[in-house]
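Examining the three-dimensional arrangement
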Amino acid sequence: MDTDTITEPSGTCRCAVEVTRTETRTYSVAPRDGGGWRAWTASFTRLLARLVVGPVHCLVITQEPNQRYVQVMLGHGHAHLEASSNAYLAGDFRLGESEEQVLTTLGFEHPSTLGDDRGLPENWWSDHDVADPVHIARLLSITLQSVMAFEEHWPVSIDVFGADSPCEACFWEA
């Protein structure tokens, strides 16, 4: 028996369905009608609305050739967002002081210089209760545009997969 996942989910938790990591689904998304950040926000809202009520999922949002990314752990009505930090970025892709200030203004916490419990450096992070996914979708769009320097008319890759140990890995109670 896998001890990394819950075996008797209560309430609305369905994480036990995903005893092993779900298959990664990659979406290459380019908003129709020429794109723009309003179209991105609408697309993110639809995706988040589907995922936030179910088991814990992870999303990694990237855009080639940019090295910057945003990753999200989403489920049980909560969202944990992470924006790439300079620990994972090189050259011109490193964040400048003004971009780090925007992250602070948006409510992201500064990465710890001590790293996480596995010894890895941390990203910028922000935790949210998600009663309405529009708030998270707007935060994602602003972060991708203002900090990550994503181009609004270029395709974005979104990798979606189930968390390895969904309820154990959550930063919130299931």
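Residues numbered from 1 in each chain as written. Predicted model: local features only at pLDDT ≥ 70, side-chain atom pairs only at ≥ 80, totals over all residues. Heavy atoms only, no water.

Digging into the overall build of the protein chain
Within the protein chain, the regular secondary structure consists of four helices and six strands. Along its sequence from the N terminus, the protein chain presents helices and strands in the succession β-α-β-β-β-α-β-α-β-α. Looking at the 174 residues of the protein chain, the share that counts as buried comes to 45%. In the protein chain, the share of contacts with a sequence separation of at least 24, taken over all contacts with a separation of at least 6, comes to 70%. (Helix = DSSP H or I, 4+ residues; strand = E, 2+ residues; numbered from the N terminus. Buried < 20%, exposed > 50% of the residue type's maximum accessible area, 1.4 Å probe, protein only. Contact = heavy atoms within 4.5 Å.)

Quick look at unusual backbone geometry
For the bond from E64 to P65, the omega torsion is 0°, close enough to zero to count as cis. Of note, P65 is situated in the loop between β2 (57-62) and β3 (69-75).

Some thoughts on the pairing of β2
Within β2, five of the six residues are buried, which leaves it mostly tucked inside the rest of the structure. For β2 and β3, the ladder comprises six bridges, and the chain directions are antiparallel. Along β3, the bridge assignment pairs V60 with Q71. What sits between β2 and β3 in their antiparallel hairpin is a turn of six residues. (Pairing = 2+ DSSP bridges.)

Some remarks on the pattern of salt bridges
Overall, the coordinates contain one salt bridge when judged by the stated rule. Between R68 and E99 there is a salt bridge; the shortest N-O distance is 2.9 Å. Taken together, the residues R68 in the loop between β2 and β3 and E99 in helix α2 (residues 97-105) connect sequence positions 31 residues apart. Like E99, R68 is buried. (Salt bridge = Lys/Arg side-chain N within 4 Å of Asp/Glu carboxyl O.)

Comments concerning the side chain of N123
Tracing the chain through its elements places N123 in the loop between α2 and β5 (124-129). Classification of N123 by relative accessible area gives buried; the value is 5%. Separated by 3.0 Å, the side chain of N123 and the backbone nitrogen of S85 make a polar contact. Filtering out sequence-adjacent residues up to four positions away, N123 remains in contact with Y69, Q71, E82, A83, S84, S85, Y88, E109 and P111. (Polar contact = N/O pair within 3.5 Å; in protein donor to acceptor, adjacent residues only side chain to side chain.)

Some words on the confidence of the model for the protein chain
Counting all residues, the mean pLDDT for the protein chain is 75, and 67% of those residues have values of 70 or more. For the protein chain, helix α4 (residues 166-169) is the element with the lowest average pLDDT, namely 48, and α2 is the one with the highest, namely 96. Considering only residues more than four positions removed or in separate chains, one finds that residues 1-21, a stretch of pLDDT under 50, has 34 contacts. Contacts of residues 168-174 to residues separated by more than four positions or lying in other chains number 18 contacts, the stretch itself having pLDDT below 50. (pLDDT = per-residue confidence, 0-100.)

Here's the deal with the packing of helix α1 (residues 37-52) against helix α3 (residues 133-146)
Close contact between α1 and α3 brings their axes to 8 Å; oriented N to C, the two are set at 135°. The orientation of α1 relative to α3 falls into the category oblique. In this structure, α1 meets α3 at a crossing whose hand is right-handed. Of the residues in α3, those in contact with W37, W40, T41, F44, T45, L48 and A49 of α1 are P133, V134, I136, A137, R138, L140, S141, L144 and Q145. Looking at the contact of α1 with α3 residue by residue, the class counts come to eleven nonpolar, four polar and one charged. (Axes fitted to C-alpha atoms, helices over the stretch in contact; angles between N-to-C directions. Parallel < 35°, antiparallel > 145°, perpendicular 65-115°, else oblique. Left-handed = near helix turned anticlockwise from the far one by under 90°. Nonpolar A, V, L, I, M, F, W, Y, C, P; charged D, E, K, R; others polar.)

What about the environment of E109?
Along the chain, E109 falls in the loop between α2 and β5. The spacing of E109 and S126 is 17 residues in sequence and 6.1 Å in space, taken between C-alpha atoms. Ignoring sequence-local partners within four residues, the contact set of E109 consists of N123, W124 and W125.

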